[in-house]
Amino acid sequence: MAEPTTTVPADRPTAVVPEAGERDTSTRAALRNPRRLRTEVLAGLVVALALIPEAISFSIIAGVDPRVGLFSSFVMAVTIAVVGGRPAMISAATGAVALVIAPVAREYGLDYFLATVILAGILQILLAVLGVAKLMRFIPRMVMVGFVNALAILIFMAQLPHLVGVPWLVYPMVALGLLILVALPRLTTVVPAPLVAIVVITALVWAAGWELPDVSDQGELPTSLPELLVPIVPLTLETLQIIGPVALAMALVGLLESLMTAKLVDGITDTHSNKTRESWGQGVANVASGLFGGMGGCAMIGQTMINVKVSGARTRISTFLAGVFLLALVVGAGPVVGMIPMAALVAVMVMVSAATFDWHSIHPATLRRMPHSENLVMLLTVLVTVLTDNLAYGVIVGVNAAIILFARRVAHFASVAPVTESVNGDGGDDDVRESDVRTYKVSGELFFATSNDLVYQFDYAGDPPRIVIDLSDSHIWDASTVAALDAVRTKYERLGKEVEITGLNWSSAARHDLLTGQLGGGH
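Residues numbered from 1 in each chain as written. Predicted model: local features only at pLDDT ≥ 70, side-chain atom pairs only at ≥ 80, totals over all residues. Heavy atoms only, no water.

### A short note on the overall build of the chain
Here comes step 1: The number of helices and strands found in the chain is 20 helices and 6 strands.
Here comes step 2: Over its C-alpha trace the chain gives a radius of gyration of 30 Å, far above what one expects of a compact globule, namely 24 Å for 523 residues.
Here comes step 3: Principal-axis analysis of the C-alpha atoms gives the chain an extent of 110 × 60 × 50 Å.
Here comes step 4: A buried classification covers 54% of the 523 residues belonging to the chain.
Here comes step 5: By sequence separation, contacts in the chain at least 24 residues apart represent 85% of the contacts at least 6 residues apart.
Here comes step 6: Element-wise, carbon and sulfur atoms account for 64% of the exposed surface of the chain, whose accessible area totals about 23,400 Å².
Here comes step 7: Where the 33 positive side-chain charges of the chain centre and where its 42 negative ones centre are 8 Å apart. (Helix = DSSP H or I, 4+ residues; strand = E, 2+ residues; numbered from the N terminus. Rg over C-alpha atoms; globule rule 2.2 N^0.38 Å. Buried < 20%, exposed > 50% of the residue type's maximum accessible area, 1.4 Å probe, protein only. Contact = heavy atoms within 4.5 Å. Areas by Shrake-Rupley, 256 points an atom, 1.4 Å probe, with all protein chains shown as cover. Lys, Arg positive; Asp, Glu negative; His and termini not counted. Charge placed at Lys NZ, Arg CZ, Asp CG, Glu CD.)

As structure tokens, this is what we get:
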């Protein structure tokens, strides 16, 4: 995961890092602190400028008018700033959501498109109530590292179309922007470096009269405010069958990206966020977006990194103002915003990409030190995400790979060892001779990965009449283990031998008593 340190290593891109007293995410504290408030305001302005071309691009991906993406970004940013659970995180129209919902716009039109967005928001609220946010604890660290690295790669790759087949002057302008972004924070952090880079490059291009690709080339900017728009669709089962599956996919993708981003920001800012509130807040924001003609969305990692890591924002103020500035810029200052060269915004996003990537995770010393299974999980997460251009797919594959590799690793820690039972007696008929009993000591955690081979660890033909299976150093976790023990007992009983299972702790005993003899696998 990106390192949430208060110092800037020499090999990492420079970013604005607040002092200890500035980590407070309280809106009231920021309003009483002029320096903190200035940081939040300027961060919101920078994010708004970066959102414009992104929102237009995502609208094109979704197959809708650019105003749909722009209005969605405005509504979501303003709404999530109030109801969200992670201060300073930016939510707006995103590419992942656009890819999921695009078929609806293409095949059924705008009304069905907006109805899908609204339904997705309702489903997110329901999932939040059901506690889906608690599942975040099951995402391993290396999946999170892979998520961050893949995201950095995707952010960089998204800039390549703006660097191919363009006038040669674009390249020195991007280089100038990167120089400002790297050098300025070393001199002062009074004004965010991204804002300075955008202003300087725009002024230079305008003054020189150079013809370079700009924001206006990405699509037409709206000239009016968003209006309440209730989609007109028949309230029938057929409509639900059309929009339901897409809405569910959108809800899950949006929640996964938003919760992963919230966890990332938690680490960068050394603060904790309310994931359940963020989950239903995303739902509320999507419902509002759909009702105002927006395409919905989720947390935007790139713009969030601009806000939190590059600009140093920490409160809801920056998120709220990003939405407000976005609307004001596209509606009230459209011609001016349209003049911003794409080279300036590309430079900002390339810097964000470099700052987002966890360079420590691919250092040779780190790769040698980490277990191969951990590196494999990170690599799979990155590869699947980059190849599919979908963060959700990468995280799902990464988590499943981590589960399989963990189960495989733990499976080697379970063992079965025979121990001869010694019983002292006076030689009478009631005494059990030493050769009449064999004890098997089972150690380790018993679940499907370890218990499948359990049945092969016993000498059924050669063992004496009485068998004791001692589980005092192990734990039964699932039905697979109970079924395996039933199979062992059955094999001995077929040979006329008695089996006793001892040493169960209360949890294992309860699970064993509940399931033994009920699984039909005693062969």
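### Observations regarding the packing of helix α8 (residues 193-208) against helix α14 (residues 342-356)
Here comes step 1: As a packed pair, α8 and α14 sit with axes 8 Å apart at the nearest point and diverge in direction by 160°. The pairing of α8 with α14 is recorded here as roughly antiparallel in orientation. Handedness of the α8/α14 crossing: right-handed. Contacts between α8 and α14 pair Pro194, Ala197, Ile198 and Ile201 from the former with Ala344, Leu345 and Val348 from the latter. (Axes fitted to C-alpha atoms, helices over the stretch in contact; angles between N-to-C directions. Parallel < 35°, antiparallel > 145°, perpendicular 65-115°, else oblique. Left-handed = near helix turned anticlockwise from the far one by under 90°.)

### Here's the deal with helix α3 (residues 66-83)
Structural remark: α-helix, 3.6 residues per turn; residues separated by three or four positions point the same way.
Here comes step 1: Over its 18 residues, α3 runs 26 Å from end to end, which matches the ideal 26 Å to within 8%, given 1.5 Å per residue.
Here comes step 2: Two or three places before Arg67, at the start of α3, stands the capping residue Asp65, its side-chain oxygen 3.0 Å from that residue's backbone nitrogen. (Expected span 1.5 Å × (residues − 1). Polar contact = N/O pair within 3.5 Å; in protein donor to acceptor, adjacent residues only side chain to side chain.)

### Here's the deal with the confidence of the model for the chain
Here comes step 1: Taken as a whole, the chain shows an average pLDDT of 86; of its residues, 91% reach a score of 70 or greater.
Here comes step 2: Considering only residues more than four positions removed or in separate chains, one finds that residues 1-22, a stretch of pLDDT under 50, has 56 contacts. (pLDDT = per-residue confidence, 0-100.)

### A closer look at the pairing of strand β5 (residues 466-476)
Here comes step 1: Across the 11 residues of β5, 8 count as buried, placing the element largely inside the fold.
Here comes step 2: Bridge count between strand β4 (residues 437-446) and β5: 9 bridges; the pairing is parallel. By the bridge assignment for β5, Gly444 is matched with Ser474.
Here comes step 3: Where β5 meets strand β6 (residues 498-502), 5 bridges bridge the pair, whose relative direction is parallel. In the strand pairing of β6, Ile469 is matched with Ile501.
Here comes step 4: On the question of chirality, the crossover connecting β5 to the parallel β6 by way of helix α19 (residues 479-494) is right-handed. (Pairing = 2+ DSSP bridges. Right-handed = clockwise from strand over helix to strand, strands pointing away.)

### Let's talk about the pattern of salt bridges
Here comes step 1: In this structure the tally under the stated criterion is 8 salt bridges.
Here comes step 2: Between Asp65 and Arg67 there is a salt bridge, with its nearest N and O atoms 3.5 Å apart.
Here comes step 3: Across the salt bridge formed by Lys275 and Asp266, the nearest N and O atoms sit 2.4 Å from each other. Residues Lys275 and Asp266 agree in their burial class; the two are buried.
Here comes step 4: Within this structure, Arg86, Asp266 and Lys275 form a network of salt bridges that share partners. (Salt bridge = Lys/Arg side-chain N within 4 Å of Asp/Glu carboxyl O.)

### Topic: helix α17 (residues 391-411)
Here comes step 1: Taking 1.5 Å as the rise per residue, α17 with 21 residues should run 30 Å; its terminal C-alpha atoms sit 30 Å apart, in good agreement.
Here comes step 2: Taken residue by residue, α17 has Leu391, Ala392, Gly394, Val395, Gly398, Val399, Ala401, Ala402, Leu405, Ala407 and Val410 as its buried positions.
Here comes step 3: In this structure, the buried residues of α17 make contact with α6 (141-159), α9 (237-269), α16 (372-388) and α18 (448-451).

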